[in-house]
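# Survey of secondary and tertiary structure
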Amino acid sequence: MLQFYFLSVFFNLIAGFVLVNDKKELIDLAILKEKTFRIVLGIICAVTGIIKLFVVVNSSAVIVGDLLPAVAGMLAGLLLVVQDNPEKLPEWFNRIFITNKMIVGFACLGVALLHFVFPGALFL
């Protein structure tokens, strides 16, 4: 369905930008730092990623068809939801994901742009 294709590209772009903006301070908007905005964006991004596992664009491979955008959306959504309370997370999760959230943000941006340019490619 093209609707979930658009939502996947859109939310991966927004979530990636928010994660990159945490470290780089590209734009100083108050809404990007609000906890409610981050939680809602994270939940919507993760749910879109889960749905993208089963709804693919122009491919016969159901789960692998849009694997990277789905995983990127779920990971970015998870990071946006849990990053405000790092003390409640396991140490390995903080060390791998929270400290490298800018890399995850750039990965989400890259996956979203590649998914937009090549909608029918396997894994994208």
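Located above this text is the structure these notes cover.
Residues numbered from 1 in each chain as written. Predicted model: local features only at pLDDT ≥ 70, side-chain atom pairs only at ≥ 80, totals over all residues. Heavy atoms only, no water.

## Observations regarding the nonpolar core
We apply this condition: Take the buried Ala, Val, Leu, Ile, Met, Phe, Trp, Tyr and Cys residues and link them wherever side-chain atoms come within 4.5 Å; each set so joined is a nonpolar core. Three exposure classes are used, based on accessible area relative to the maximum for each residue type with a 1.4 Å probe and protein chains only: buried under 20%, partly exposed in between, and exposed over 50%. In DSSP terms, a helix is any run of H or I states spanning at least four residues, a strand is any run of E spanning at least two, and both are numbered starting from the N terminus. Residue contacts follow a heavy-atom distance rule, with two residues in contact if any of their heavy atoms lie within 4.5 Å.
Ranked by internal contacts, the top residues of the largest apolar core, which has 17 residues, are L19, A76, L79 and L80. Contributions of two or more residues to this core are made by α1 (2-24), α2 (35-52), α3 (67-82), α4 (91-98) and α5 (101-117). In terms of residues, this core owes the most to one element, α3, which gives 5 residues. Those residues within four positions of A76 in sequence are excluded, and the remaining contacts are A15, L19, C45 and C108.

## Here we look at α1
The cut-off we apply is this: A helix is expected to reach a length of 1.5 Å times the quantity of its residues less one.
Here α1 contains 23 residues, and its C-alpha end-to-end distance of 32 Å stays within 8% of the 33 Å for a straight helix at 1.5 Å per residue. Taken as a whole, α1 has its buried residues at Y5, S8, V9, F11, N12, A15, G16, V18, L19, V20 and N21. Contact partners of the buried residues in α1: α2, α3 and α5. One or two residues past the end of α1 sits E25, with phi positive at roughly 55°.

## Observations concerning the packing of aromatic side chains
Aromatic ring pairs: the centre-centre distance and the angle between the two ring planes describe each pair. Note the cut-off: Pairing of aromatic side chains here covers Phe, Tyr and the six-membered ring of Trp, requires ring centres within 6.5 Å, and sorts the geometry by plane angle: under 30 degrees stacked, over 60 edge-to-face, intermediate tilted.
If you walk through the whole model with that rule in mind, you get 4 aromatic pairs. On the numbers, 5.3 Å between centres and 65° between planes, the contact of F10 with F11 is edge-to-face. Residue classification places F11 among the buried positions, given a relative accessible area of 14%. Measuring from centroid to centroid gives 5.8 Å for W92 and F93, while their planes differ by 80°, and the two rings are edge-to-face.

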